[in-house]
Amino acid sequence: MIFFIKLSRVYLVSVTAPTAGAGCFFIDSWHTARPLASRDRLTVDPLSQAVVGAAVPQSFAPKQHIGTITLLGALAGMAPDLDVLIRSSTDPLLFLEYHRQFTHSFIFIPLGGLICALAFWPFVRKRMRFRHIYVVTTAGYATHGLLDACTTYGTLLLWPFSLERIAWNTIAVIDPLFTIPLMAFIVAGVIRRSPAWPRFGLVLALCYLSVGYLQRERAEAVGELLAANRGHHDAAVSAKPTLGNVLLWKIIYRHEGRFWVDAVRVSVMGGEAQVYPGGSVAVLDRASQFPWLEDDSQQAKDLARFDWFSSGYLALDGGDPNRVIDMRYSMLPNEIDGLWGIRLNKTAGPATHVTYEVKRSVDKTRFDNLLVMLKGQDASSISGGDAD
């Protein structure tokens with residue numbers, strides 16, 4: 001048991017040694033890349049984007065137009081994700097460069113709002129003036145990039161002045177506790193024809209995002225203690241939320257050429273934090289792991305693009321020396337088992353691209369282990385997967 005103080009709270013951390021088989025799961029399947037369908041992209045779900053996009057303009061809407069304004073805001077709030085249409089049949093990584101890029105940046109908001117206003121104006125011109133439509137669509141459009149930046153994927157809010165992928169890591173890409181209450185207030189606003197309802201919903205949404213921020217801080221504090229207990233001092237610890245909650249977090253940090261991964265469940269009310277130990281893997285070293293890769297080859301360029309996309313969180317898949325994975329995402333937060341990666345081919349020609357692969361594994365063991373973590377049960381309750 002370890003005591004620590006963070007954000008004016010005292011926490012008791014229970015660190016349990018990993019049991020045999022914990023965190024070891026078989027691979028169900030790997031899917032070879034095509035230009036990926038939108039469902040393969042880790043982006044905030046369209047419903048959440050629509051709800052937030054509707055809530056902001058609805059909160060200052062006049063009663064006589066509140067239904068129309070709600071619809072326009074919702075559609076504009078989803079519009080930036082039309083960048084998923086930017087794809088290539090020959091370049092499997094093109095979508096990585098353009099998703100959450102210029103359509104999500106601050107500088108594009110006025111133009112994005114204008115495009116939406118021009119698209120919607122023929123349908124609502126008898127109800128609203130164009131300048132009012134433009135204000136509504138711009139307000140809805142502006143919410144999209146900010147909400148995306150609250151997740152872990154990374155959003156180019158400052159494009160073209162910076163290519164930094166901004167990720168505040170405060171909320172998962174899908175979180176019903178964020179979306180459903182706000183949607184209920186929007187519906188109430190339309191039915192009651194009152195902007196007071198979405199205003200209250202936005203306050204609650206901001207409160208939830210604030211809770212996510214505090215939870216991230218607490219999870220990172222636990223991660224810093226884990227690193228210190230291993231003798232890994234001054235490690236830059238990052239905490240990332242798991243799908244649909246702000247209780248269970250993936251902890252990852254880099255130390256002396258290795259990535260270390262753990263999971264931690266932190267209660268919103270404070271108290272004891274439960275740690276689910278993971279493991280470590282060597283940071284990708286292209287020179288030693290791919291000595292045959294020529295600098296001017298397309299595969300080398302693709303590897304550099306994938307490194308930029310993952311913010312440097314790259315490692316080799318333990319079961320395949322030609323597959324490079326993004327360490328930030330896994331089915332279980334204490335796994336070293338990337339959700340997606342790229343495959344290099346030693347015999348490929350100099351103009352050949354890498355292959356992009358997405359892994360989906362929804363076996364019952366993984367699901368049961370995830371429930372154990374979400375409930376905050378002891379790590380000894382986690383079981384291993386069956387061999388394939």
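Above this text sits the structure in question.
It should be emphasised that the depicted structure is a prediction, and the values quoted were computed from it without experimental measurement.

### Things to note about the side chain of D326
Part 1 of the reasoning: Along the chain, D326 falls in strand 9 (residues 320–326).
Part 2 of the reasoning: By relative accessible area, which is 0% here, D326 ends up buried.
Part 3 of the reasoning: A distance of 2.8 Å separates the side chain of D326 from the side chain of R328, its partner in a polar contact.
Part 4 of the reasoning: At a separation of 3.2 Å, a polar atom in the side chain of D326 contacts the side chain of W340.
Part 5 of the reasoning: The contact partners of D326, leaving out residues within four places of it in the chain, are F306, F309, S310, Y313, L314, G338 and W340.

### Points about the pattern of salt bridges
Once the charged atoms of two side chains with opposite charge are near each other, the side chains can pair.
Part 1 of the reasoning: A complete count under the given rule lists 18 salt bridges for this structure.
Part 2 of the reasoning: E97 is the partner of R305 in a salt bridge, and the nearest nitrogen-oxygen pair spans 2.4 Å. Of this pair, R305 sits in helix 9 (residues 298–309) while E97 is found in helix 3 (residues 94–98), placing the two residues 208 residues apart along the sequence.
Part 3 of the reasoning: Residue class for R305 comes out buried when judged on its relative accessible area of 16%.

### Details of unusual backbone geometry
Part 1 of the reasoning: Here the bond from W159 into P160 is cis, since omega is 5°, no more than 30 degrees from zero.
Part 2 of the reasoning: Summarising the element assignment, P160 is placed in the loop between helix 5 (130–149) and helix 6 (176–192).
Part 3 of the reasoning: Even without being glycine, R100 reaches a positive phi, approximately 60°.
Part 4 of the reasoning: With respect to the helices and strands, the residue R100 is situated in the loop between helix 3 and helix 4 (109–124).
Part 5 of the reasoning: Unusually for a residue other than glycine, N169 sits at a positive phi of about 55°.
Part 6 of the reasoning: Along the chain, the position of N169 falls in the loop between helix 5 and helix 6.

### Describing the nonpolar core
Side chains that are nonpolar tend, in soluble globular proteins, to be buried together.
Part 1 of the reasoning: Of all hydrophobic cores here, the largest spans 31 residues; its most connected members are F178, L182, V222, W249 and V264.
Part 2 of the reasoning: Where this core is concerned, the elements lending two or more residues are helix 1 (46–58), helix 6, helix 7 (196–229), strand 5 (248–255) and strand 7 (271–282).
Part 3 of the reasoning: Counting residues per element, this core draws most heavily on helix 7, at 8 residues.
Part 4 of the reasoning: Core analysis: the second largest hydrophobic core is formed by 22 residues, Y153, F290, L316 and V358 among them.

Reading the values: rules and limits
- Residues numbered from 1 in each chain as written.
- Predicted model: local features only at pLDDT ≥ 70, side-chain atom pairs only at ≥ 80, totals over all residues.
- Heavy atoms only, no water.
- Helix = DSSP H or I, 4+ residues; strand = E, 2+ residues; numbered from the N terminus.
- Buried < 20%, exposed > 50% of the residue type's maximum accessible area, 1.4 Å probe, protein only.
- Polar contact = N/O pair within 3.5 Å; in protein donor to acceptor, adjacent residues only side chain to side chain.
- Contact = heavy atoms within 4.5 Å.
- Salt bridge = Lys/Arg side-chain N within 4 Å of Asp/Glu carboxyl O.
- Core = buried A, V, L, I, M, F, W, Y, C linked by side-chain atoms within 4.5 Å.

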